[in-house]
Amino acid sequence: MLVLLPPSEGKATVRSRTRLDLGALSLPGLTGARATVLHELVALCSGDTEKARAALGLSEGLRGEVAKNAGLLSAPVRPAGEIYTGVLYDALGLATLSPAAKRRATRALLVFSGLWGAVGVKDPIPAYRCPAGVRLPGTGPLGAHWRRPLAEVLPEVAGRGLVLDLRSSSYASMWRPEGELAERTATVRVLQSTVVDGVEKRGVVSHFNKATKGRLVRDLLESGAAPRDPAALATVLEELGYVVEGSAPEKPGSAWRLDVIVTEL
């Protein structure tokens, strides 16, 4: 099973003597594309602060993120699973997984990134700010920049197993499974069910969408389950106590969509 996660806007503070080494990251086929984005981002953030802040879509209160980006080449690093913070990662709780679940997380989880393309949770990276929706002056839109490199690398990483895609839309645009691989891919939508005047209503949630996805991944890792396809995934999730609705896509070469229904957030 391969699980695709979005990054978080917030990053943990890093105190380490180890510095960034692109060669130490997994998925070495992405090294060239990573270097391109990294050096352009550093150059952008080492110049006009206002220009950099505008390009990165940062508010005045996040001006300090520009200086952090400018120093990435010599910045301290920590494993990506410790760098990313926020609702999804708090619910996932990588640090508190059992030893067996931690090993599964190392094998199964990939975090997508506008700067790195995708990284494993053990990959040593610095704190940074570079969303997938950014357009760099030279490279252009990062979503488009990553499509070819990721398409060359990730099908082999996915192998013959299930792909569980929990990315947000901007990160999903960086790589979409195709053909037979898409048919082994499941996306998940979290819906809140409420009853108003005897009528059930369902709505998409945002904050708690992330929390539910984090708990879902944690439960899968702790269970040791290894579903091979989306139908088997739905069965496993139901066994873990989730209410799941979904069906095979009507068109060949399309991903499944599973709806996880929650009543309490």
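Above this text is the structure in question.
Residues numbered from 1 in each chain as written. Predicted model: local features only at pLDDT ≥ 70, side-chain atom pairs only at ≥ 80, totals over all residues. Heavy atoms only, no water.

Participant: Explain the nonpolar core residue by residue, including any values.
Facilitator: Counting 81 residues, the largest nonpolar core has L5, L109 and W116 as the members making the most contacts within it. With seven residues, the top contributor of residues to this core is helix α1 (residues 31-45). Ignoring anything within four residues of it in the chain, the contact list for L5 reads L88, Y89, L92, L109, L110, V111, F112, L166, R167 and V217. (Core = buried A, V, L, I, M, F, W, Y, C linked by side-chain atoms within 4.5 Å. Buried < 20%, exposed > 50% of the residue type's maximum accessible area, 1.4 Å probe, protein only. Helix = DSSP H or I, 4+ residues; strand = E, 2+ residues; numbered from the N terminus. Contact = heavy atoms within 4.5 Å.)

Participant: Summarise the environment of P126; cite the residues concerned and give the values.
Facilitator: Position of P126 relative to the elements: it lies in the loop between β5 (124-125) and β6 (135-136). For P126, a relative accessible area of 0% translates into the label buried. Sequence-distant contacts of P126, that is, excluding residues within four places in its chain, are made with L20, L72, A75, P76, V77, I83 and W116.

Participant: Before we move on, can you summarise the pairing of strand β9 (residues 185-196) with the specific residues and values?
Facilitator: As paired strands, strand β8 (residues 163-165) and β9 are joined by three bridges and run parallel to one another. By the bridge assignment, L164 is partnered in β9 with A186. Of the strand pairs in this sheet, β9 and strand β12 (residues 256-262) are connected by seven bridges, and their pairing is parallel. Residue pairing in the sheet places V190 in a bridge with V260 of β12. (Pairing = 2+ DSSP bridges.)

Participant: Account for the packing of α1 against helix α7 (residues 142-158), naming residues and giving values.
Facilitator: Running from N to C, α1 and α7 cross one another at 160°; their axes reach a closest spacing of 10 Å. Considering the angle they form, α1 stands roughly antiparallel to α7. With respect to the hand of their crossing, α1 and α7 are arranged in right-handed fashion. In this structure, α1 contributes A33, R34, T36 and V37 to the contact, and α7 contributes L142, H145, W146 and P149. (Axes fitted to C-alpha atoms, helices over the stretch in contact; angles between N-to-C directions. Parallel < 35°, antiparallel > 145°, perpendicular 65-115°, else oblique. Left-handed = near helix turned anticlockwise from the far one by under 90°.)

Participant: I'd like to hear about unusual backbone geometry, residue by residue, with values.
Facilitator: Apart from glycine, the bulk of residues carry a negative phi angle, and the bulk of peptide bonds sit in the trans form. Positioned with a positive phi, L27 is a non-glycine residue whose angle comes to about 55°. The topology assignment puts L27 in the loop between β1 (2-5) and α1. Assessed through its relative accessible area of 11%, L27 is described here as buried.

Participant: Describe the pattern of salt bridges, naming the residues involved and giving the relevant values.
Facilitator: On inspection of all chains with the given rule, the structure shows twelve salt bridges. For E50, the salt bridge is made with R63, and the minimal N-O distance between the two is 2.5 Å. In this pair, E50 sits in helix α2 (residues 49-56) while R63 sits in the loop between α2 and α3 (64-70), placing the two residues 13 residues apart along the sequence. Note on E50: relative accessible area 36%, which makes it partly exposed. (Salt bridge = Lys/Arg side-chain N within 4 Å of Asp/Glu carboxyl O.)

Participant: Quick rundown of the pairing of strand β10 (residues 199-204)? Include the residues and the values.
Facilitator: In terms of strand pairing, β9 meets β10 through six bridges, oriented antiparallel. What sits directly across from V195, in β10, is E200. Hairpin connection between β9 and β10: a loop of two residues separates the two successive antiparallel strands, and D197 in this loop has a positive phi of roughly 55°.

Participant: Outline the side chain of K11, supporting the account with residue identities and numerical values.
Facilitator: Its place among the elements puts K11 in the loop between β1 and α1. E9 provides the closest opposite charge to the buried, unpaired K11, separated from it by 5.8 Å. Beyond its immediate chain neighbours, meaning those up to four positions away, K11 contacts I83, Y84, T85, A127 and Y128. (Lys, Arg positive; Asp, Glu negative; His and termini not counted.)

Participant: I'd like to hear about the environment of L240, residue by residue, with values.
Facilitator: Secondary-structure assignment places L240 in the loop between α11 (230-239) and β11 (243-247). Separated by 28 residues in the primary sequence, L240 and T212 place their C-alpha atoms 13 Å from one another. When sequence neighbours within four positions are dropped, the list of residues in contact with L240 reads D219, L220 and S223.

Participant: I'd like to hear about α1, residue by residue, with values.
Facilitator: The end-to-end C-alpha separation of α1 is 21 Å, in line with the 21 Å expected for 15 residues at 1.5 Å each. For α1, every residue scored as buried is listed here: A33, R34, V37, L38, E40, L41, V42, L44 and C45. The elements touched by buried residues of α1 are α2, α3, β4 (117-120), β6 and α7. (Expected span 1.5 Å × (residues − 1).)

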